[in-house]
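# Commentary on secondary and tertiary structure
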Amino acid sequence: MQIGLTLPVQNMNIFSTRSSGFNCNGSSAVNAWSRNNVNVSCSSVKTISTTKITRKHLSSLEKLLHKDSDLSSLEEVNVVEDEKIATQKSAQENKGRGLLEALNLSRIWPESKAAEEVSPRQLIRLKRMLSKTGEYSPRNNLGSKWREYHGSNNWSGLLDPLDENLRREMVRYGEFIQAAYHCFHSNPATSASEAPVDCHVAVPDKAYKVTKNLYATASVGLPKWVDNVAPDLAWITQRSSCLGYVAVCQDQREIARMGRRDIVIALRGTATCLEWAENMRDVLVQMPDEEANKGDANGVQSISKVECGFLSLYKSTSGPQMPSLSESVVSEIQRLVEMYKGENLSITITGHSLGAAMALLVADELSSSSAANMPPIAVFSFGGPRVGNRGFANRLNSKNVKVLRIVNSQDVITRVPGMFVNEKLDKKLRDSGTAANVLNILDNNMPWAYSHVGTELRVDTKMSPFLKPDADVACCHDLEAYLHLVDGFLASNCPFRSNAKRSLVKLLDEQNANVKKLYTNKANALTLKLNPQREILQMSSCLPSPSS
């Protein structure tokens with residue numbers, strides 16, 4: 001506070017300040033200051049009067065300063081008390097923290113602790129993998145090696161570690177299956193009395209053109225009163241439905257890249273009640289055209305058998321307007337082979353779940369076709385169940401049909417139907433020759449002696465840093481989860497690859513409950529709106545999931 005603000009302006013020349021402050025201890029500092037520093041001229045009454053007024057102002061100022069001094073002392077006391085309280089509170093917090101650390105609660109709730117521990121690098125990676133556009137890289141030229149990628153050597157040397165070109169091809173064929181699912185769900189209803197109308201298929205690769213929709217018919221049916229109760233859900237109980245499609249590569253650049261013109265048969269999994277009913281008919285039945293074949297390396301004859309429900313769904317028809325899946329696919333492939341006669345051709349059959357089972361039956365019939373110069377046939381199956389017995393597996397091998405089964409270790413569908421047996425032990429016993437005859441007799445006579453076909457690529461949900469290790473059955477069997485695991489697979493002894501680039505948008509949308517809380521929380525924090533339809537309909541000349 002400056003004195004000049006209190007004193008009248010006209011009297012400022014009377015005072016001279018010797019010090020810049022006041023001493024408020026004990027006696028009046030203002031009186032002492034007045035005696036030593038105020039020179040009063042008594043020659044004028046006006047000056048005396050002015051001096052009295054000035055003293056009055058100084059007296060008021062002294063009272064004000066004493067009041068401020070008391071408040072300052074009180075504030076100092078309060079600060080000291082606050083510091084004591086804060087010290088005691090801090091000591092209690094440290095004591096509590098020590099107790100929590102001793103309990104080591106992070107082991108009890110590791111996920112809650114991990115949810116806060118996201119490094120900037122992990123956050124950037126999550127943003128990239130949640131991107132709607134994704135990241136792409138040009139497809140490599142397969143050229144003269146296309147037969148190896150198509151399974152001519154049973155994919156020897158390409159699976160463990162996984163070849164980057166083969167990874168791209170597997171993901172690409174998996175997306176063909178997703179298009180088959182989307183085609184069905186966009187228009188599931190099928191009339192039983194009319195010829196089927198071709199459904200639009202949003203093929204993920206613009207180089208391919210759909211030439212035919214494929215329909216399958218169940219041999220079982222439900223009472224008519226079921227449709228009367230829920231007429232809006234009649235498609236669930238309908239006997240015939242679109243199971244997939246046939247597409248052929250038409251782009252010359254893509255043909256040159258792949259080294260041949262590729263014909264794709266894509267088949268979806270179970271979607272209707274009657275398809276589920278056919279899945280449950282798990283007794284083995286003999287193939288219609290079956291004759292005892294030479295069997296395995298020991299020369300023991302075996303009879304080819306397949307699941308009753310699968311064969312029924314493959315062969316059944318609902319009339320001349322709805323041919324069976326068998327008739328439709330064979331006639332269309334024969335037509336395309338004749339159309340492109342003289343070119344390098346390949347037939348790739350890809351399916352998921354029920355579609356994987358149908359793919360094996362399609363491959364078996366096409367390889368038995370009377371058409372001359374039938375192209376090489378390969379099957380890429382995702383989450384496929386067992387289809388037949390060992391005799392059926394031997395039959396496909398003898399026809400040079402190449403099968404690559406992508407299997408999730410946590411997927412129970414790949415272990416049914418049939419008895420839960422250790423297939424590695426079974427193979428060891430057969431190769432040793434000591435129990436081969438007994439096992440073959442069991443294969444030919446037991447109604448549930450199933451066996452897998454082809455070469456296996458095994459992935460695992462627990463290897464994904466994004467999925468919960470205890471993900472449910474639906475997640476472990478989900479096609480998008482399969483493509484996610486294939487995208488991240490490097491080798492059986494390696495963790496999930498850090499440069500995986502397949503978008504997580506569709507996986508989060510379909511399996512949100514099975515994605516780790518760490519990533520679902522951060523995805524919500526990033527406020528990214530999921531749009532899986534854009535992922536499905538996206539067309540690009542480049543492939544997702546590059547490793548470079």
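Residues numbered from 1 in each chain as written. Predicted model: local features only at pLDDT ≥ 70, side-chain atom pairs only at ≥ 80, totals over all residues. Heavy atoms only, no water.

The protein chain has the name Lipase, class 3 in an unreviewed UniProt entry, where Heracleum sosnowskyi is given as its organism. Turning to the protein chain, the UniProt annotation filed under Sequence similarities (unreviewed entry) states: "Belongs to the AB hydrolase superfamily. Lipase family." (UniProt positions renumbered as here; feature names shortened; annotations may be inferred.)

## Quick notes on the overall build of the protein chain
Within the protein chain, the regular secondary structure consists of 21 helices and 9 strands. Taken over 548 residues, the protein chain has a buried fraction of 45%. When contacts within the protein chain are restricted to residue pairs at least 6 apart in sequence, long-range pairs at least 24 apart make up 79% of them. Surface exposure of the protein chain reaches about 28300 Å², of which carbon and sulfur atoms provide 53%. (Helix = DSSP H or I, 4+ residues; strand = E, 2+ residues; numbered from the N terminus. Buried < 20%, exposed > 50% of the residue type's maximum accessible area, 1.4 Å probe, protein only. Contact = heavy atoms within 4.5 Å. Areas by Shrake-Rupley, 256 points an atom, 1.4 Å probe, with all protein chains shown as cover.)

## Quick look at the packing of aromatic side chains
Here the structure, examined in full by the defined rule, presents 5 aromatic pairs. Between tryptophan 155 and phenylalanine 380 the ring centres are 5.7 Å apart and the planes differ by 70°, which places this aromatic pair in the edge-to-face class. In this pair, tryptophan 155 is assigned in the loop between α5 (146-149) and α6 (164-186) and phenylalanine 380 in strand β7 (residues 377-382), connecting sequence segments 225 residues apart. Accessibility expressed as a relative area gives 2% for tryptophan 155, which makes it buried. Three or more aromatic residues joined by ring pairs form one cluster here, namely Trp155, Tyr173, Phe176, Tyr208 and Phe380. The ring of tyrosine 173 has arginine 172 sitting right over it, with the charged end atom 4.9 Å from the ring centre. Positioned above the aromatic ring of phenylalanine 184, the side-chain terminus of arginine 268 is 4.1 Å from the ring centre. (Phe/Tyr/Trp six-rings, centres within 6.5 Å; stacked < 30°, edge-to-face > 60°. Lys NZ or Arg CZ within 6 Å of the ring centre and 35° of its normal.)

## Quick notes on unusual backbone geometry
Look at the link from aspartate 160 to proline 161: it is a cis peptide, with omega at 10°. Residue placement: proline 161 occurs in the loop between α5 and α6. Here the residue pair valine 416 and proline 417 is connected by a cis peptide bond, since its omega of -5° sits within 30 degrees of zero. You can see proline 417 is positioned in the loop between β8 (402-408) and α15 (423-432). In this structure, asparagine 154 is a non-glycine residue whose phi angle is positive, near 60°. Mapping asparagine 154 onto the fold places it in the loop between α5 and α6. Non-glycine residue tryptophan 155 carries a positive phi angle of around 60°.

## Details of helix α11 (residues 308-315)
Within α11, 7 of the 8 residues are buried, which leaves the element mostly enclosed by the surrounding structure. Turning to α11, its buried residues number three or more, namely Cys308, Gly309, Phe310, Leu311, Ser312, Leu313 and Tyr314. Close packing links the buried residues of α11 with β1 (208-217), α10 (273-279), β4 (284-286), β5 (305-307), α12 (325-339) and α13 (354-367).

## Focus: the environment of glutamate 254
Assignment of secondary structure puts glutamate 254 in helix α9 (residues 252-258). Taking relative accessible area as the criterion, glutamate 254 reaches 6% and is therefore assigned buried. As a C-alpha pair, glutamate 254 and lysine 206 span 48 residues in sequence and 9.9 Å in three-dimensional space. The contact partners of glutamate 254, leaving out residues within four places of it in the chain, are Arg139, Arg172, Asp205, Ala207 and Cys249. There is a polar contact of 2.9 Å between the side chain of glutamate 254 and the side chain of arginine 257. (Polar contact = N/O pair within 3.5 Å; in protein donor to acceptor, adjacent residues only side chain to side chain.)

## Looking at the nonpolar core
Note that soluble globular proteins tend to have their nonpolar side chains buried in a common cluster. One finds Leu166, Met170 and Tyr208 to be the most contacted residues of the largest nonpolar core, which totals 45 residues. The biggest single contributor to this core is α6, with 10 residues. Once residues lying within four places of it in the same chain are set aside, the contact partners of methionine 170 are Leu162, Phe380, Phe382, Leu404, Ile406, Leu457, Leu483 and Val486. In this structure, Ala218, Ile333, Ala357 and Ala393 belong to the second largest nonpolar core, which totals 44 residues. (Core = buried A, V, L, I, M, F, W, Y, C linked by side-chain atoms within 4.5 Å.)

## With respect to α13
Three- or four-residue spacings in an α-helix give side chains the same orientation, since the helix completes a turn every 3.6 residues. In a regular helix each residue adds 1.5 Å, so 14 residues correspond to 20 Å; α13 covers 20 Å between its end C-alpha atoms and thus fits that length. Along α13, 12 of the 14 residues are buried, which leaves the element largely enclosed by surrounding structure. Taken as a whole, α13 has its buried residues at Leu354, Gly355, Ala356, Ala357, Met358, Ala359, Leu360, Leu361, Val362, Ala363, Asp364 and Leu366. (Expected span 1.5 Å × (residues − 1).)

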